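Listed below, chain by chain, are the residues.
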Amino acid sequence: MHLLGEKYLRKKALPLLWCPGCGNGTILNATVRAIDNSGIRERLALVGGIGCSGWIPVYIDADVLHVLHGRAIPFATGLKMSDPDRKVIVFSGDGDCLGIGGNHFIHGARRNIDLTVIMVHNQIYGMTGGQVAPTTPTAYKTKTSPYGNPEMPFDACELAWASGATYIARWTTAHPRQLSKAITEAIDHRGFSFVEVLTQCPTQAGRVIHGTADPAKLLDMIKASTISVSAATEKSAEELAGKFLIGTLHHDTQRPEFAGYYYEKIHRAAAAN
Ligand SMILES: Cc1ncc(C[n+]2csc(CCOP(=O)(O)OP(=O)(O)O)c2C)c(N)n1
Ligand code: SF4
Ligand SMILES: [Mg+2]
């Protein structure tokens, strides 16, 4: 086993439950490297929602909560407020984060609470068999949109930005080094940090939406759907239509962070009375 695997993986939880070629392994790898770079293992807590992506933290040998579908951010909020010195990382599927958990997501961002949310964007509800998700592109066929999805997908990064998140980055599983660097930056940031990862789900999104379960082809498709923030500045709106911006989209170090504000101001004022 690789040295980092030896150091960080929870051996008794292996083997990984994911399908061959699933992008969740790449996200696990990028996260472990980021945790190692940040040197925060001793004060780390990980929270996962329900879904294939919710299992990512289970494989990391740290304090882990694997909680109800859509409720990862409220559990993480409680954890952060009861132990503010912890660095808390949330792993949430696109259904978990933007569907059932959408309200928690926008309020977590609004509060600018010091959580790192890694959202796994695989365009679908993977674990439950390929239902339409809030990220499924319009007109795409899934098990529950057999005539094509009539809805518009969310742009999760724009939603995070509008809601008040203070670090926002988007990368893909075809960019593992950049992804790991973004997760490191998100961990180092004090405030609500959001990293969206475009990733391949060969078994559901691959087979059902894209007509192929070949992970290499799916990675090529994902890569082709992106453009870097810097390259995008020279493109017209027409050229950018349907493209995902990748890179750091937003970084604000000025907004007050919720847990710090609470303990410095509210808690102290209440104690003085
Ligand atoms: C309250 C509740 N509603 C529904 C479910 C069923 N359920 C489990 S995982 C899931 C969707 C998973 O999709 P996503 O969050 O995108 O994660 P992925 O599997 O794609 O990583 C659903 C609907 C549940 N477990 N709990
Ligand atoms: S169903 Fe999709 S997301 Fe879930 S483990 Fe399989 S490939 Fe990965
Ligand atoms: Mg999903």
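Residues numbered from 1 in each chain as written. Chains lettered and ligands numbered in written order. Predicted model: local features only at pLDDT ≥ 70, side-chain atom pairs only at ≥ 80, totals over all residues. Heavy atoms only, no water.

1. Structural notes on the overall build of the protein
No. 1: The secondary structure content of the protein amounts to twelve helices and ten strands.
No. 2: The C-alpha radius of gyration of the protein comes to 18 Å, within 12% of the 19 Å expected for a compact globule of 273 residues.
No. 3: Each of the three principal axes of the protein carries a C-alpha extent, and together these read 65 × 45 × 35 Å.
No. 4: The buried share of the protein, reckoned over its 273 residues, is 50%.
No. 5: When contacts within the protein are restricted to residue pairs at least 6 apart in sequence, those whose partners lie at least 24 apart make up 68%.
No. 6: Accessible surface, the protein as shown: approximately 12,800 Å² in total, 56% of it carbon and sulfur. (Helix = DSSP H or I, 4+ residues; strand = E, 2+ residues; numbered from the N terminus. Rg over C-alpha atoms; globule rule 2.2 N^0.38 Å. Buried < 20%, exposed > 50% of the residue type's maximum accessible area, 1.4 Å probe, protein only. Contact = heavy atoms within 4.5 Å. Areas by Shrake-Rupley, 256 points an atom, 1.4 Å probe, with all protein chains shown as cover.)

2. With respect to the coordination of the magnesium ion (ligand 3)
No. 1: Looking at the magnesium ion (ligand 3), one finds its protein donor set to be Asp94 (OD), Asn122 (OD1) and Ile124 (O), positioned 2.1 to 2.2 Å from the metal centre.
No. 2: Summarised as a motif, the one-chain spacing of the donors to the magnesium ion (ligand 3) is D-x27-N-x1-I.
No. 3: Here Asn122 falls in the buried class, since its relative accessible area comes to 13%.
No. 4: By relative accessible area, Ile124 is classed as buried at 1%. (Donors = N, O, S within 2.8 Å, 3.2 Å for Na, K, Ca; no water.)

3. Concerning the site of ligand 2
No. 1: Taken together, Trp18, Cys19, Cys22, Cys52, Asn122, Gly126, Cys201, Pro202, Thr203 and Gln204 make up the full set of residues near ligand 2.
No. 2: Among the residues making up the shell around ligand 2, the classes are represented as six nonpolar, four polar and no charged. (Near = heavy atom within 4 Å. Nonpolar A, V, L, I, M, F, W, Y, C, P; charged D, E, K, R; others polar.)

4. Remarks on the packing of helix H8 (residues 202-210) against helix H9 (residues 215-224)
No. 1: Remark: H8 packs on H9, axes separated minimally by 11 Å, with the N-to-C direction vectors making an angle of 70°. On the basis of the axis angle, H8 is roughly perpendicular to H9. Where H8 abuts H9, its residues Pro202, Gly206 and His210 lie against Pro215, Leu218 and Met221.
No. 2: Among the residues forming the contact of H8 with H9, the class breakdown is four nonpolar, two polar and no charged. (Axes fitted to C-alpha atoms, helices over the stretch in contact; angles between N-to-C directions. Parallel < 35°, antiparallel > 145°, perpendicular 65-115°, else oblique.)

5. Some details on the layout of surface pockets
No. 1: Put simply, the largest pocket is a space of about 680 Å³.
No. 2: Contributing to the lining of the largest pocket are 32 residues, with Leu198, Ser225, Gly242, Lys243 and Phe244 lying nearest its centre.
No. 3: The set of elements that each furnish at least two residues to the lining of the largest pocket consists of helix H6 (156-163), H8, H9 and strand S10 (244-251).
No. 4: Ranked by residue count, the leading element in the lining of the largest pocket is S10, at four residues.
No. 5: Of the residues in the lining of the largest pocket, the class split is 17 nonpolar, eleven polar and four charged.
No. 6: Its volume calculated, the second largest pocket comes out at about 210 Å³.
No. 7: Breaking the lining of the second largest pocket down by element, the ones donating at least two residues are helix H4 (94-100) and strand S5 (124-125).
No. 8: Take the lining of the second largest pocket: its biggest share by element is three residues, from H4. (1 Å grid on protein atoms, 1.4 Å probe; cavity = no way out; pocket = protein on both sides within 12 Å on 5 of 7 lines; lining within 4 Å. Points joined across faces, edges and corners; volume = space filled by probe spheres on them.)

6. Focus: the environment of Phe105
No. 1: Following the sequence through the fold, Phe105 ends up in helix H5 (residues 102-111).
No. 2: For the pair Phe105 and Ile209, spaced 104 residues apart in sequence, the C-alpha separation works out to 26 Å.

7. With respect to the UniProt feature "domain: Thiamine pyrophosphate enzyme TPP-binding" (unreviewed entry) in the protein
No. 1: Per the UniProt record, "domain: Thiamine pyrophosphate enzyme TPP-binding" (unreviewed entry) is found at residues 59-197.
No. 2: With 35% helix and 24% strand, residues 59-197 has end C-alpha atoms that lie 18 Å from one another. (UniProt positions renumbered as here; feature names shortened; annotations may be inferred.)

8. Structural notes on the pairing of S10
No. 1: Pairing of strand S7 (residues 167-172) with S10 involves four bridges; the strand directions are antiparallel. For Ala169, the partnering residue across the bridge sits in S10 and is Thr248.
No. 2: Bridge count between strand S9 (residues 226-228) and S10: three bridges; the pairing is parallel. Residue Ser228 lies in a different strand from S10, and its bridge partner there is Ile246. (Pairing = 2+ DSSP bridges.)

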